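Geometric and topological summary
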Amino acid sequence: GGEEFIVILTDTDLEGSKIFAERIRLSIEKEKIIKDGLAIPVTVSIGAAGYQPHHGDKAMLLLEDADKALYQAKKQGRNQTVCSNT
């Protein structure tokens, strides 16, 4: 369950992207959602990827790497950022 979205950071390397993603993740984790008097925890799993020469001009390859990293974050327990290692 949940929604997926993409953020494209220009002039940012993978380490900078991870820092940005972690800021988002921690901000969401700190939010207090109250419904009918009950606290609902909200977390986010994030996959990050940086452009690599093998991507060439095919943006879809970059998106696939980010998607694989996202699913790795979910598999490893959720509520974390995982960077693509390809």
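Look above for the structure.
Predicted, not measured: the structure shown is a model, and the values here were computed from it.

Reading guide: rules and limits
- Residues numbered from 1 in each chain as written.
- Predicted model: local features only at pLDDT ≥ 70, side-chain atom pairs only at ≥ 80, totals over all residues.
- Heavy atoms only, no water.
- Salt bridge = Lys/Arg side-chain N within 4 Å of Asp/Glu carboxyl O.
- Helix = DSSP H or I, 4+ residues; strand = E, 2+ residues; numbered from the N terminus.
- Buried < 20%, exposed > 50% of the residue type's maximum accessible area, 1.4 Å probe, protein only.
- Contact = heavy atoms within 4.5 Å.
- Expected span 1.5 Å × (residues − 1).
- Arc of directions from axis to C-beta.

Remarks on the pattern of salt bridges
Side-chain pairs of opposite charge can arise where the charged atoms are in close proximity. Following the criterion strictly, the structure yields three salt bridges and no others. Between R25 and E22 there is a salt bridge; the shortest N-O distance is 2.9 Å. A residue pair is termed a helical-turn pair when its members lie 3 or 4 positions apart in one helix, as R25 and E22 do in helix α1 (residues 14-30) at three residues. Classification of E22 by relative accessible area gives partly exposed; the value is 22%. Measuring nitrogen to oxygen at the nearest pair gives 3.8 Å for the salt bridge that ties D57 to K58. Shared partners join several salt bridges into a network, and the residues in it are E22, R25 and E29.

As for the environment of A39
Note on placement: A39 falls in strand β2 (residues 38-40). Taking the C-alpha atoms as reference points, A39 and K75, 36 residues apart in sequence, are found 25 Å from one another. When sequence neighbours within four positions are dropped, the list of residues in contact with A39 reads I33 and I34.

Here we look at helix α2 (residues 59-75)
Taking 1.5 Å per residue as the helical rise, α2 with its 17 residues ought to reach 24 Å, and the 25 Å between its terminal C-alpha atoms agrees with that figure. Among all positions of α2, only D65, A69, L70 and A73 are buried. Considered in projection along α2, the buried side chains sweep an arc of 140° and stay on one side of the axis. Across from the buried face of α2, at angles greater than 90 degrees, the exposed residues are M60, K68 and K75. Here the buried face of α2 lies against β3 (46-48) and β4 (81-83). Once α2 ends, the next one or two residues include G77, with phi positive near 125°.

Spatial relationships are all this shows, so hold off on functional conclusions.
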